[in-house]
Amino acid sequence: MLVKLAILFSGNGSNLENLLEKLHKKKFGENEFEVVLCLCNKADAFGIQRAKKYKLDTLIIEHSKFASREKFDQALVNEIQKNEADLAVLAGFMRILSPVFTQNVKAINLHPSILPLFKGANAIKESFYSDMKLGGVSVHWVNEKLDGGKIIAQEAFQKEGLSFEEFEAKIHALEHEILPQTIMKIFSTN
Ligand code: GRF
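Note that the structure is a prediction, hence the values are computed from the model and not measured.

Draft legend 1. Expanded view of the side chain of Asp-73. With respect to the element layout, Asp-73 can be found in helix α3 (residues 69-82). Put simply, Asp-73 is tucked away with no salt bridge, and the nearest opposite charge, on Arg-69, sits 6.0 Å away. For Asp-73, the residues in contact, after removing those within four places along its chain, are Leu-97, Ser-98, Val-100 and Phe-101.

Shown next as structure tokens:
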């Protein structure tokens with residue numbers, strides 16, 4: 001099938017670019033992937049430039065311009081549905097989503113920790129400075145709880161001896177492997 005993806009991001013967009021490089025307009029077995037929507041809630045996000053390299057415009061929907069979380073979420077849902085995306089991928093999309101979104105969109109989120117540990121925006125720092133021996137990354141289904149839906153995939157690694165910079169780089173390298181792999185798996189029939 002032709003798998004249509006909507007990718008939502010807020011900032012740097014390295015995961016967006018990684019998905020564009022690895023999946024966009026690529027065929028794997030029965031499936032061909034197409035990113036039909038790049039959506040961002042920040043007008044100055046670097047990821048917008050990254051999408052341009054793939055000749056893709058980013059739709060900017062700024063949450064600050066909406067009167068409520070629900071109204072913002074409805075605008076996201078409208079665009080995702082209009083573009084007939086089969087899956088929304090939250091790749092560094094830094095918003096908590098209400099049931100208006102979670103009950104109407106099939107979505108996954110990438111998180112830089114071994115969930116359910118270290119939920120929230122400071123996961124990398126918190127897991128590095130914790131006494132955990134492992135760091136890791138997770139991909140999970142999105143529900144209305146922050147970083148709370150069912151876990152689909154996880155990878156972990158030994159943290160010992162790594163500087164913070166090395167730890168962070170390892171997290172991002174793992175994210176760049178796990179997210180495209182998970183998307184492929186979700187749609188694979190084998
Ligand atoms: C990633 O670490 C992701 O896990 C988290 O936000 C970061 C986004 O990075 N949710 P980038 O914008 O894809 O470079």
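Draft legend 2. Inspection of the nonpolar core at higher detail. Grouped together as the largest cluster of nonpolar side chains are 35 residues, with contacts concentrated most on Val-89, Leu-179 and Ile-183. Per-element accounting of this core gives the leading share, 8 residues, to helix α6 (residues 164-187). Residues within four places of Val-89 in sequence aside, it is in contact with Ala-6, Ile-7, Leu-8, Leu-19, Ile-108, Leu-179 and Ile-183. Among the nonpolar cores identified, the runner-up in size contains 18 residues, and Ala-75, Val-77, Leu-90 and Ala-107 belong to it.

Draft legend 3. Region of the structure containing the layout of surface pockets. Quantified by volume, the largest pocket comes out at close to 810 Å³. Gly-92, Phe-93, Met-94, Leu-110 and Pro-112 are, among the 37 residues lining the largest pocket, the residues nearest its centre. Looking at the lining of the largest pocket element by element, the count peaks at 4 residues for α6. Looking at the lining of the largest pocket residue by residue, the class counts come to 16 nonpolar, 14 polar and 7 charged.

Draft legend 4. Expanded view of the packing of aromatic side chains. Following the criterion strictly, the structure yields 9 aromatic pairs and no others. With centroids separated by 5.2 Å and ring planes inclined at 80°, the aromatic side chains of Phe-128 and Phe-164 adopt a geometry described as edge-to-face. Of the two residues, Phe-128 sits in helix α5 (residues 123-129) while Phe-164 sits in helix α6, which places them 36 residues apart along the sequence. For Phe-128, a relative accessible area of 16% corresponds to the buried category. What links up through ring pairs into an aromatic cluster is the set Phe-128, Tyr-129, Phe-157, Phe-164 and Phe-167. The ring of Phe-157 has Lys-170 sitting right over it, with the charged end atom 5.6 Å from the ring centre.

The rules behind these values
- Residues numbered from 1 in each chain as written.
- Predicted model: local features only at pLDDT ≥ 70, side-chain atom pairs only at ≥ 80, totals over all residues.
- Heavy atoms only, no water.
- Helix = DSSP H or I, 4+ residues; strand = E, 2+ residues; numbered from the N terminus.
- Buried < 20%, exposed > 50% of the residue type's maximum accessible area, 1.4 Å probe, protein only.
- Lys, Arg positive; Asp, Glu negative; His and termini not counted.
- Salt bridge = Lys/Arg side-chain N within 4 Å of Asp/Glu carboxyl O.
- Contact = heavy atoms within 4.5 Å.
- Core = buried A, V, L, I, M, F, W, Y, C linked by side-chain atoms within 4.5 Å.
- 1 Å grid on protein atoms, 1.4 Å probe; cavity = no way out; pocket = protein on both sides within 12 Å on 5 of 7 lines; lining within 4 Å.
- Points joined across faces, edges and corners; volume = space filled by probe spheres on them.
- Nonpolar A, V, L, I, M, F, W, Y, C, P; charged D, E, K, R; others polar.
- Phe/Tyr/Trp six-rings, centres within 6.5 Å; stacked < 30°, edge-to-face > 60°.
- Lys NZ or Arg CZ within 6 Å of the ring centre and 35° of its normal.

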